[in-house]
Amino acid sequence: MGMKPFDVVIIGAGGAGMMCAIQAGRRGRSVALLEHSPQIGRKIEISGGGRCNFTNTGAGPENYVSANPDFCRSALSRFTPEDFIRMVKEYGIRYHEKKLGQLFCDRSAMDLVEMLISECTRANAEFLLNCAAESVGKNPGGQFAIHTSLGDFSSQSLVIATGGLSLPKIGATDFGYRIARQFGLNIVETAPALDGFRFQPAEKALFDGLAGISADAEIRCGGVSFRESLLFTHSGLSGPAALQASLYWRPGKPVSVNLAPALPGEKLSEWLLDKKRQGTRTEIKNLLAELLPKNLSEKLCAAWLPEHKTLPQTPDKTVQEFCRKIQRWEFIPADTVGYQRAEVTRGGVDTNALSSKTMESKKVPGLYFIGEVVDVTGWLGGYNFQWAWSSGWAAGQAV
């Protein structure tokens, strides 16, 4: 039995793959979407608590991490958040802004999946589910040969949209990286990102019993800072602030945390010392609880003010040093939680090997890489889905 021919074969029917299929199909190309799982768009469906943070109105190159920071600029400028929002509106999908430009579906992320499937169908793209790609080659005539669990296919263009290593429970694999290496493309070192931190034993003992407590905090890591909610867990830190910082963290490097960002600089110590001058005899942990969760305030005082309870008993210099610790708490994480919980994978196919306009390999004509498999990783908040739409769109104009 011979190979079934297509103009374009896309391996991976996630957001990037479907967007590419839509654009290629609209151009009259015959397209096959090969998906190794039985379900389309699983990552879209489970993201954002089932409502999918599908873009961010402020998405720009500065919101992405890559060894080549300017690479994403072309695709993001040619298919913008407004372009995807227009698609959403055309399908009557209701959405809302949660915060900081983050857009979520009002009802269900499945509305987006159904929209993309419908657009693929209208573009005559063919879905093949439970279709595991087993090997890929390129024959002397320039055609790609794709051997799968459902038979063999050939194509003029091959698009790798297989995602990264994050969330293996929904089928993440290293297939895309293996194909890149097979064809001689470099891989920028991968790591779990948008992920919580694990404490070293000392910090774990210090904050034991705080699991589930959240606080407003500012985290600085790798020269970048984020102010959002911070969540203490049984093993370390999570919440939006920690997840954002993890994108910039490297093993062995410190993370700095300001647990009282509402009173920056010396204002925290000034506030406490002003209370002292007013003659208050309140315990410091109770005063601090006006700014921080009560349990956290008690932990910090027990650890960093063990011999002092009320303000009159505490020397001014001790108060100032205590406040500095609260606002400049620094620790070195043992690690991040790992791929099983990380939202995305940092690193991936080296963008120096790809065209920023078309996502095509510079050394292998007809071979394209889009979405998370590429070394472009966005912040938390809809940025990675926007990269999926933009990179998929860019490739779809060229395949």
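Residues numbered from 1 in each chain as written. Predicted model: local features only at pLDDT ≥ 70, side-chain atom pairs only at ≥ 80, totals over all residues. Heavy atoms only, no water.

**Focus on the overall build of the chain**
Line of reasoning, step 1. When helices and strands are counted, the chain shows 13 helices and 21 strands.
Line of reasoning, step 2. Along the three orthogonal principal directions, the C-alpha set of the chain runs to about 90 × 40 × 35 Å.
Line of reasoning, step 3. Pairs at least 24 apart in sequence give 72% of the contacts found in the chain among residues at least 6 apart. (Helix = DSSP H or I, 4+ residues; strand = E, 2+ residues; numbered from the N terminus. Contact = heavy atoms within 4.5 Å.)

**Topic: the packing of helix α1 (residues 15-26) against helix α13 (residues 383-396)**
Line of reasoning, step 1. Relative to each other, α1 and α13 sit at 35°, their axes nearing to 7 Å. Both α1 and α13 take part in a crossing whose hand is right-handed. On α13, the residues that touch G15, A16, M19, C20, Q23 and A24 of α1 are A388, W389, G392, W393, A395 and G396.
Line of reasoning, step 2. Taken together, the residues that form the contact of α1 with α13 break down as eight nonpolar, four polar and no charged. (Axes fitted to C-alpha atoms, helices over the stretch in contact; angles between N-to-C directions. Left-handed = near helix turned anticlockwise from the far one by under 90°. Nonpolar A, V, L, I, M, F, W, Y, C, P; charged D, E, K, R; others polar.)

**Topic: the nonpolar core**
Line of reasoning, step 1. Counting residues in hydrophobic clusters, the biggest one holds 81 residues, and the most contacted among them are I11, F84, L112, I146, F369 and W387.
Line of reasoning, step 2. Residues in contact with W387, not counting those within four places in the same chain, are Y64, F71, C72, A75, L76, M359, G371, V374, V376 and G392.
Line of reasoning, step 3. Among the nonpolar cores identified, the runner-up in size contains 48 residues, and L210, W249, L305 and L380 belong to it. (Core = buried A, V, L, I, M, F, W, Y, C linked by side-chain atoms within 4.5 Å. Buried < 20%, exposed > 50% of the residue type's maximum accessible area, 1.4 Å probe, protein only.)

**Quick word on the layout of surface pockets**
Line of reasoning, step 1. Of the pockets and cavities examined, the second largest pocket occupies roughly 290 Å³.
Line of reasoning, step 2. Around the second largest pocket sit 19 residues that line it, and T190, A191, W249, R250 and R346 are the ones nearest its centre.
Line of reasoning, step 3. Listed by contribution, the elements that provide at least two residues to the lining of the second largest pocket are β11 (187-193), β18 (335-336) and β19 (344-349).
Line of reasoning, step 4. A total of five residues in the lining of the second largest pocket trace back to one element, the largest contributor, which is β11.
Line of reasoning, step 5. In terms of residue class, the lining of the second largest pocket is made up of eight nonpolar, six polar and five charged. (1 Å grid on protein atoms, 1.4 Å probe; cavity = no way out; pocket = protein on both sides within 12 Å on 5 of 7 lines; lining within 4 Å. Points joined across faces, edges and corners; volume = space filled by probe spheres on them.)

**What about the side chain of S269?**
Line of reasoning, step 1. Within the secondary structure layout, S269 lies in helix α9 (residues 267-277).
Line of reasoning, step 2. From its side chain, S269 meets the backbone oxygen of E266 in a polar contact 3.0 Å long.
Line of reasoning, step 3. Leaving out residues up to four positions away in the same chain, S269 has contacts with V319, Q320 and C323. (Polar contact = N/O pair within 3.5 Å; in protein donor to acceptor, adjacent residues only side chain to side chain.)

**Some details on the sheet that holds strand β6 (residues 102-105)**
Line of reasoning, step 1. Strand order in the open sheet formed by three strands is β3-β6-β5, and the pairing between neighbours is antiparallel. Strands with a single pairing partner mark the edges of an open sheet, and in this sheet they are β3 (53-56) and β5 (95-97). Strand after strand, the sheet turns through a mean of 30° between neighbouring axes, direction not considered.
Line of reasoning, step 2. Of the pairings in the sheet, the one linking β5 to β6 comprises three bridges and is antiparallel in character. Residue pairing across strands places E97 opposite L103, the latter belonging to β6.
Line of reasoning, step 3. The strands touched by helix α4 (residues 81-90) within the sheet are β3, β5 and β6, with β3 carrying the most contacts at an inclination of about 140°. (Pairing = 2+ DSSP bridges.)

**A word on helix α6 (residues 175-182)**
Because an α-helix packs 3.6 residues into every turn, residues spaced three or four apart end up facing the same way.
Line of reasoning, step 1. By the burial criterion, the buried members of α6 are F175, G176, Y177, I179 and A180.
Line of reasoning, step 2. Phi turns positive one or two residues past the end of α6, at G184, with a value near 85°.

**Description of the pattern of salt bridges**
Line of reasoning, step 1. In the structure shown here, the tally under the stated rule is 18 salt bridges.
Line of reasoning, step 2. In this structure, D7 engages R29 in a salt bridge whose closest nitrogen and oxygen atoms are separated by 4.0 Å. Of this pair, D7 sits in strand β1 (residues 4-11) while R29 sits in the loop between α1 and β2 (31-34), and the two are 22 residues apart along the sequence.
Line of reasoning, step 3. E228 is paired through a salt bridge with K99; the nearest N and O atoms lie 2.9 Å apart. (Salt bridge = Lys/Arg side-chain N within 4 Å of Asp/Glu carboxyl O.)

**Things to note about the packing of α4 against helix α5 (residues 110-122)**
Line of reasoning, step 1. The contact between α4 and α5 brings their axes to 10 Å, and the two run at 90°. The angle between α4 and α5 falls in the class roughly perpendicular. Where α4 approaches α5, its residues F84, M87 and V88 are matched on the opposing element by L112, M115, L116 and E119. (Parallel < 35°, antiparallel > 145°, perpendicular 65-115°, else oblique.)

**A look at the side chain of S297**
Line of reasoning, step 1. Tracing the chain through its elements places S297 in helix α11 (residues 294-304).
Line of reasoning, step 2. Within the structure, S297 has its side chain in polar contact with the backbone oxygen of K285 (distance 2.5 Å).
Line of reasoning, step 3. With near-sequence residues (within four places) excluded, S297 lies in contact with I284, K285, L288 and A289.

**Structural notes on α9**
Line of reasoning, step 1. Turning to α9, its buried residues are L268, S269, L272 and L273. Looking straight down α9, one finds its buried side chains confined to an arc of 125°; they lie on one side.
Line of reasoning, step 2. Considering only its buried residues, α9 is in contact with α10 (284-288) and α12 (316-327).
Line of reasoning, step 3. Following α9 by one or two positions, G279 adopts a phi angle in the positive range, close to 90°. (Arc of directions from axis to C-beta.)

**What to know about the environment of K4**
Line of reasoning, step 1. Along the chain, K4 turns up in strand β1.
Line of reasoning, step 2. Judged by relative accessible area, which is 38%, K4 ranks as partly exposed.
Line of reasoning, step 3. Counting along the chain gives 283 residues from K4 to L287, while the straight-line C-alpha distance between them is 72 Å.
Line of reasoning, step 4. If near-sequence neighbours (up to four positions away) are discounted, K4 is found in contact with E126, D152, F153 and S154.
Line of reasoning, step 5. Among the polar contacts made by the side chain of K4, one reaches the side chain of E126 at a distance of 3.3 Å.

**Re unusual backbone geometry**
Line of reasoning, step 1. Even without being glycine, N124 reaches a positive phi, approximately 65°.
Line of reasoning, step 2. With respect to the secondary-structure elements, N124 resides in the loop between α5 and β7 (126-128).
Line of reasoning, step 3. On the accessibility criterion, N124 (64% relative accessible area) is exposed.
Line of reasoning, step 4. Positive phi, close to 70°, is recorded for M359, a residue that is not glycine.
Line of reasoning, step 5. Inspection of the secondary structure assignment puts M359 in the loop between β19 and β20 (367-369).
Line of reasoning, step 6. Its relative accessible area of 0% is what places M359 among the buried residues.

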